[in-house]
Amino acid sequence: MIDWHYIVNLVAQIAFELIYFGAVMGTIIVIILDNRNPVKTISWILVLLFLPFLGLVFYFFFGRSQRRERLIGRKGYNRLLKKPMAEYLAQEVSSLPQEYGRLIHLFQHINQAFPFEGNRITAYTEGDTKLCALLRELRKARQHIHVEYYIFEDDAVGRMVRDALIEKAREGVEVRVLYDDVGCWKVPHRFFEEMLNAGIEVRSFLKVRFPLFTSRVNYRNHRKIVVIDGQVGFVGGMNLAERYVRGVPWGNWRDTHILIEGKAVHGLQTAFLLDWYFVDRTLLTSSRYFPKIENYGDSLVQIVTSEPVGRWREIMQGLTMAISGAKKYFYIQTPYFLPTEQILAAMQTAALAGVDVRLMLPKRADNRLTHLGSCSYLEDVLQAGVKVYFYKKGFLHSKLMVSDDMLSTVGSTNVDFRSFEHNFEVNAFIYDMNTALEMKAIFLQDQRDSVQIFQKNWVKRSWRRKAAESVVRLLSPLL
């Protein structure tokens, strides 16, 4: 007697396996034909081969390149740039610093990042001082406030800023708030609803359906931008959350943020308005958002953005050129170190050529997996002569770089694949001796609160630790 039940189950099992195998192989073929970075392609293939079911899920959430359209049409982009371009052309530009002429031109060519003179830079390395400065400037607002953060928590800090924005909105000030949907996925809707009810325009960046499973999803807006009346702006690494002020259980939260007063605020305004157009489809080009600004100081500043929707990786390419062009030193602070091949090669080449290259990471990070991946790259740079330091007073979240007592950059960009290739980021590149010396002093002070890692000791860590780092390194382009 024929056991039809067995036959049906067998056919169903074979059909499922064929479909499953076809899905895995089809995904691998799509990844190969996408002509990605070979390292990233191999990483995805390994995940799909060894963890096929999880690999398909991960690829669905993290791997697909389906948001590659332009943020804005060329006509609209030119309209938005019209006012800042006029301000740039009207300024009495003295000669650009010769040693950074090519870097400035690169950013201007691929990012429309205009170099503006006459700026004053104020740096903040503690969350409470930055918060106080932000609240102070918000109270001065008379026309408009634009706020953009990856994280805007419903805690003491978030509510303090929210209430300040509501107060200004009730005074008749235009207030717009843009937050990342994944970065704020735990924030209750009522938190933003209170702002909406007060007349504040609030938008989320790229809503996701399953935030619980997409905390590391691609195409997140990692920028931290505040623009007040088009004349004052904030940019850096600090979000609006209590931990940025109170620290973490194992120590303080060390971060870097800057206040910009001057014409470079036009660059921050342009970045915000582009992001606003992306989520709201409203193009704001009124001249009141780009007022005439007198000189505040002596700093030459470019506001450089990068996003995963264009041809170039602007900030990564600029950093590669800056590291390669360093003559005496190049200091880097970053919470995560998962460098692309270009950045890694630039650091190694500079160190081998005698440049004093220093890298500072947190001794203990907020993400163990990412920290393991970061540690896997340290032997590569140590062998080339890069000096590596672990900050031990708490969590180092600072994204600060300084070189040759003239160039410094502060922003939202980490030295990792996600920041360089998948996130929307923004950095201020500052060409000014006084600012560079201040940033250098900040780095050296943090160095006193750090422990230096030497190659002869680093290679002695346990084989289990090395194995864990190596496994995570295979996935580093995906973290």
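Small disclaimer: the values here were computed from a predicted structure and weren't measured.

Engineer: I keep staring at the overall build of the protein chain and nothing clicks. Help me out?
Structural biologist: Within the protein chain, the secondary structure is distributed over 18 helices and 19 strands. In the protein chain, buried positions account for 58% of the 479 residues. Long-range contacts, defined here as pairs at least 24 residues apart, represent 82% of the contacts in the protein chain between residues at least 6 apart. About 21,400 Å² of surface is accessible on the protein chain, with carbon and sulfur atoms providing 56% of the total.

Engineer: Is there a simple way to explain empty space enclosed by the protein in this structure?
Structural biologist: One water molecule sets the probe size; rolling that probe over the atoms shows where empty space is left. Tallied over the entire structure, the rule returns two cavities of 30 Å³ or more. A volume near 50 Å³ is recorded for the largest cavity. Every element with two or more residues in the lining of the largest cavity is listed here: α6 (127-140) and α9 (243-246). Here the element with the most residues in the lining of the largest cavity is α6; it accounts for three residues.

Engineer: I tried to follow the nonpolar core on my own but got confused; where do I start?
Structural biologist: A general trend in soluble globular proteins is that nonpolar side chains are found buried together. One finds F337, M347, L378 and Y431 to be the most contacted residues of the largest nonpolar core, which totals 48 residues. The element best represented in this core is helix α12 (residues 341-352), accounting for six residues. Leaving out residues up to four positions away in the same chain, Y431 has contacts with P97, Y100, L103, I104, F107, L300, Q302, M406 and L407. Formed by 35 residues, the second largest nonpolar core is a distinct cluster that contains L131, L134, L135 and V175.

Engineer: What exactly am I supposed to notice about the packing of aromatic side chains here?
Structural biologist: The description of two aromatic rings rests on the distance between their centres and on the angle between their planes. Counted according to the given criterion, the structure contains 17 aromatic pairs. Their ring planes at 85° and their centres at 4.9 Å tell us that W253 and F395 sit as a pair that is edge-to-face. In this pair, W253 is assigned in strand β7 (residues 252-254) and F395 in strand β14 (residues 394-396), connecting sequence segments 142 residues apart. Each residue in the set F152, Y179, F191 and F192 is aromatic and connected to the rest through ring pairs, giving one cluster.

Engineer: Help me out: how do you make sense of the pattern of salt bridges in this one?
Structural biologist: It is possible for side chains bearing opposite charge to pair when their charged atoms get close. The tally for this structure, following the rule as stated, stands at 25 salt bridges. E171 is the salt-bridge partner of K168, the closest N and O atoms lying 2.8 Å from each other. Owing to a relative accessible area of 4%, K168 belongs among the buried residues under this scheme. A salt bridge links E174 to R288; its shortest N-O distance comes to 3.0 Å. In this pair, E174 sits in strand β3 (residues 174-180) while R288 sits in the loop between α10 (265-280) and β9 (299-306), placing the two residues 114 residues apart along the sequence. For R288, a relative accessible area of 39% translates into the label partly exposed. Via salt bridges that share partners, E174, R176, E201, R203, D280 and R288 belong to a single interconnected network.

Engineer: Help me understand helix α7 (residues 156-170), please; the structure alone is not making it clear to me.
Structural biologist: Residues lying three or four places apart along an α-helix face the same way, a consequence of the helix completing one turn every 3.6 residues. Here α7 is 15 residues long and its end C-alpha atoms lie 21 Å apart, about the 21 Å a rise of 1.5 Å per residue gives. Contacts made by the buried residues of α7 are with α6, β2 (144-149), β3, α8 (189-197) and α9. Where α7 begins, the capping side chain belongs to D155, and its oxygen is found 3.2 Å from the backbone nitrogen of V157. Among the residues trailing α7, G172 stands out with phi positive, at a value near 100°.

Engineer: Could you clarify how one ought to interpret the pairing of strand β5 (residues 225-228) in this entry?
Structural biologist: Residues in a regular strand project their side chains so that they alternate between the two faces of the sheet. Neither face of β5 is open: one carries I225 and V227, the other V226 and I228, and all of them are buried. As defined by bridge partners, β2 adjoins β5 across four bridges and the pair is classed as antiparallel. Directly across from H146, in β5, lies its bridge partner V227. Across four bridges, β5 lies against strand β6 (residues 232-236) in antiparallel orientation. Residue pairing for β6: I228 is matched across the bridge by V232.

Engineer: I tried to follow the pairing of strand β18 (residues 425-431) on my own but got confused; where do I start?
Structural biologist: Of all seven residues that make up β18, seven are buried, and the element is covered over most of its length. Residues of β18 alternate between two faces, with E425, N427, F429 and Y431 on one and V426, A428 and I430 on the opposite face, all of them buried. Relative to β18, β9 runs antiparallel, the two sharing seven bridges. From the neighbouring strand, T305 faces β18, where its bridge partner is V426. Pairing of strand β16 (residues 407-411) with β18 involves five bridges; the strand directions are antiparallel. Paired with S408 across the strands is I430, a residue of β18.

Conventions and cut-offs
- Residues numbered from 1 in each chain as written.
- Predicted model: local features only at pLDDT ≥ 70, side-chain atom pairs only at ≥ 80, totals over all residues.
- Heavy atoms only, no water.
- Helix = DSSP H or I, 4+ residues; strand = E, 2+ residues; numbered from the N terminus.
- Buried < 20%, exposed > 50% of the residue type's maximum accessible area, 1.4 Å probe, protein only.
- Contact = heavy atoms within 4.5 Å.
- Areas by Shrake-Rupley, 256 points an atom, 1.4 Å probe, with all protein chains shown as cover.
- 1 Å grid on protein atoms, 1.4 Å probe; cavity = no way out; pocket = protein on both sides within 12 Å on 5 of 7 lines; lining within 4 Å.
- Points joined across faces, edges and corners; volume = space filled by probe spheres on them.
- Core = buried A, V, L, I, M, F, W, Y, C linked by side-chain atoms within 4.5 Å.
- Phe/Tyr/Trp six-rings, centres within 6.5 Å; stacked < 30°, edge-to-face > 60°.
- Salt bridge = Lys/Arg side-chain N within 4 Å of Asp/Glu carboxyl O.
- Expected span 1.5 Å × (residues − 1).
- Polar contact = N/O pair within 3.5 Å; in protein donor to acceptor, adjacent residues only side chain to side chain.
- Pairing = 2+ DSSP bridges.

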